[in-house]
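Structural overview for review
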Amino acid sequence: MPPDAGPDAPLVTAMRARELGRKSVVVGDRVGLVGDTSGTAGALARIVRIAERTSVLRRTADDDETTAEGRLERVVVANADQLVIVSALADPPPRTGFIDRCLVAAYDADIEPLLCLTKADLAGPEAVLGYYAELELPYVLIRPDSDLDALRSLLAGRISVMVGHSGVGKSTLVNRLVPDAARAVGTVSAIGRGRHTSTSAVALRLPRDPTHGGNAPAGWIVDTPGVRSFGLAHVSADSLLHGFPDLVEGTVDCPANCPHTPDEPDCGLDAWVAAGKADPRRLASYRRLLASRSGEGDARAEADQRNPGDPLAGS
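In this text, all values refer to a predicted model and were calculated from it rather than measured experimentally. (Residues numbered from 1 in each chain as written. Predicted model: local features only at pLDDT ≥ 70, side-chain atom pairs only at ≥ 80, totals over all residues. Heavy atoms only, no water.)

A complete count under the given rule lists two aromatic pairs for this structure. Ring geometry for tyrosine 131 against tyrosine 132: centres 4.6 Å apart, planes inclined by 90°, an arrangement best described as edge-to-face. What makes tyrosine 131 buried here is its relative accessible area of 3%. Looking at tyrosine 132, the relative accessible area reads 4%, which means it is buried. (Phe/Tyr/Trp six-rings, centres within 6.5 Å; stacked < 30°, edge-to-face > 60°. Buried < 20%, exposed > 50% of the residue type's maximum accessible area, 1.4 Å probe, protein only.)

Let us now look at the pattern of salt bridges. Applying the stated rule across the entire model yields 10 salt bridges. Of the charged contacts in the structure, one is a salt bridge between aspartate 149 and arginine 152, with a shortest N-O distance of 3.8 Å. Here aspartate 149 pairs with arginine 152, and both are found in helix 4 (residues 149–155), just three residues apart, close to one helical turn. One network of salt bridges, with partners in common, ties together Asp81, Glu112 and Arg158. (Salt bridge = Lys/Arg side-chain N within 4 Å of Asp/Glu carboxyl O. Helix = DSSP H or I, 4+ residues; strand = E, 2+ residues; numbered from the N terminus.)

The next subject is the environment of aspartate 108. Of note, aspartate 108 is situated in helix 2 (residues 96–108). Among all residues touching aspartate 108, those that are not within four sequence positions of it are His234, Val235 and Ser239. (Contact = heavy atoms within 4.5 Å.)

Across the sheet, three strands lie side by side as 1-3-2; this open sheet has mixed pairing. Taken across any chain shown, the strands that pair with only one partner, and hence form the sheet edges, are strand 1 (14–16) and strand 2 (31–35). Strand after strand, the sheet turns through a mean of 40° between neighbouring axes, direction not considered. Where strand 1 lies against strand 3 (residues 45–50), three bridges are found, and the strand directions are parallel. Paired with methionine 15 across the two strands is arginine 46, which belongs to strand 3. (Pairing = 2+ DSSP bridges. Axes fitted to C-alpha atoms, helices over the stretch in contact; angles between N-to-C directions.)

Under the defined criterion, the tally for this structure stands at two cavities of 30 Å³ or more. Taken as a whole, the largest cavity spans an internal volume of roughly 50 Å³. What lines the largest cavity is simply Val86, Ser87, Ala88, Pro92, Pro93, Pro94, Arg95, Phe98, Ile99, His165 and Val168. Residue assignment for the lining of the largest cavity shows that the elements contributing at least two residues are strand 6 (82–88) and helix 2. Per-element tally for the lining of the largest cavity: the top contributor is strand 6, with three residues. (1 Å grid on protein atoms, 1.4 Å probe; cavity = no way out; pocket = protein on both sides within 12 Å on 5 of 7 lines; lining within 4 Å. Points joined across faces, edges and corners; volume = space filled by probe spheres on them.)

A word on the nonpolar core. The biggest cluster of nonpolar side chains holds 48 residues, and the ones touching the most others in it are Leu57, Leu83, Val161, Phe230 and Tyr286. No other element matches the seven residues that helix 2 contributes to this core. Once you skip the residues sitting within four places of it in the chain, phenylalanine 230 turns out to touch Leu57, Arg58, Arg59, Thr60, Asp63, Val76, Phe98, Arg101, Cys102, Ala105 and Val163. Ranked by size, the runner-up nonpolar core spans 20 residues in total, among them Val140, Leu148, Met162 and Leu177. (Core = buried A, V, L, I, M, F, W, Y, C linked by side-chain atoms within 4.5 Å.)

That's the geometry; what it means functionally is another story.
Here's what the structure looks like:
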């Protein structure tokens with residue numbers, strides 16, 4: 001799946017060769033083929049080699065690696081270099097807890113994040129952007145009448161994977177970016193929950209960016225099923241902090257092997273936040289993830305919860 005493949009390159013149907021054994025092929029893998037690679041109807045090639053992956057975006061169903069769900073890693077996509085986190089600004093409301101999880105997974109996989117805020121005609125982005133003010137997180141705002149030029153420029157020449165809760169407009173966005181995609185589109189219920197419409201991850205070749213005269217590399221986008229939670233059992237406790245770069249400097253004065261939990265009296269993060277150097281909601285989110293990793297929280301149950309003190313905090 002090279003990002004510079006032309007829009008007229010043939011689509012080849014292939015099956016995994018037996019000699020690959022139990023080695024799985026996932027969306028985004030670059031593979032070696034033998035056989036009929038013409039792409040003509042009825043043609044079938046064989047996948048005989050899987051190239052070394054430059055990145056692997058993973059998630060688990062649970063945060064706790066001691067549970068069966070936490071031990072089961074799901075590879076979302078291989079070789080992506082950009083994670084597009086799609087969040088609606090209303091209907092359903094934004095969940096920064098979920099965005100924080102995606103950021104942790106992106107930084108852990110060495111994939112650049114991009115925040116895509118949809119339904120900007122229904123609510124402003126100030127609350128969400130204010131929460132991430134210290135991160136300099138790149139973002140785009142999407143309205144029903146948006147021309148998508150800014151987003152297309154950020155996707156051009158890259159392999160991007162889209163993740164988001166159901167109902168945030170992800171499939172609608174994909175259909176606008178790739179008119180031939182025909183991804184199923186659902187509605188949001190009266191209680192603000194989206195109906196799962198995409199059932200599998202699929203890689204789609206983007207059209208050439210018209211804002212660059214059609215000469216820019218096209219790129220690929222991987223659309224994924226809507227998820228309720230993004231488990232992080234595969235991310236170490238130390239790496240978890242990398243998803244909160246605004247808090248990292250605050251740990252300099254922490255004692256060795258500091259767990260950064262609320263009951264650690266010498267943890268430097270509380271003083272860091274008290275001094276106004278980080279948003280207290282960010283520290284609360286980080287500690288919720290720490291608690292969930294230790295089995296004190298349930299990532300799946302968190303999907304519908306909100307912190308009464310912070311209407312954006314739900315996962």
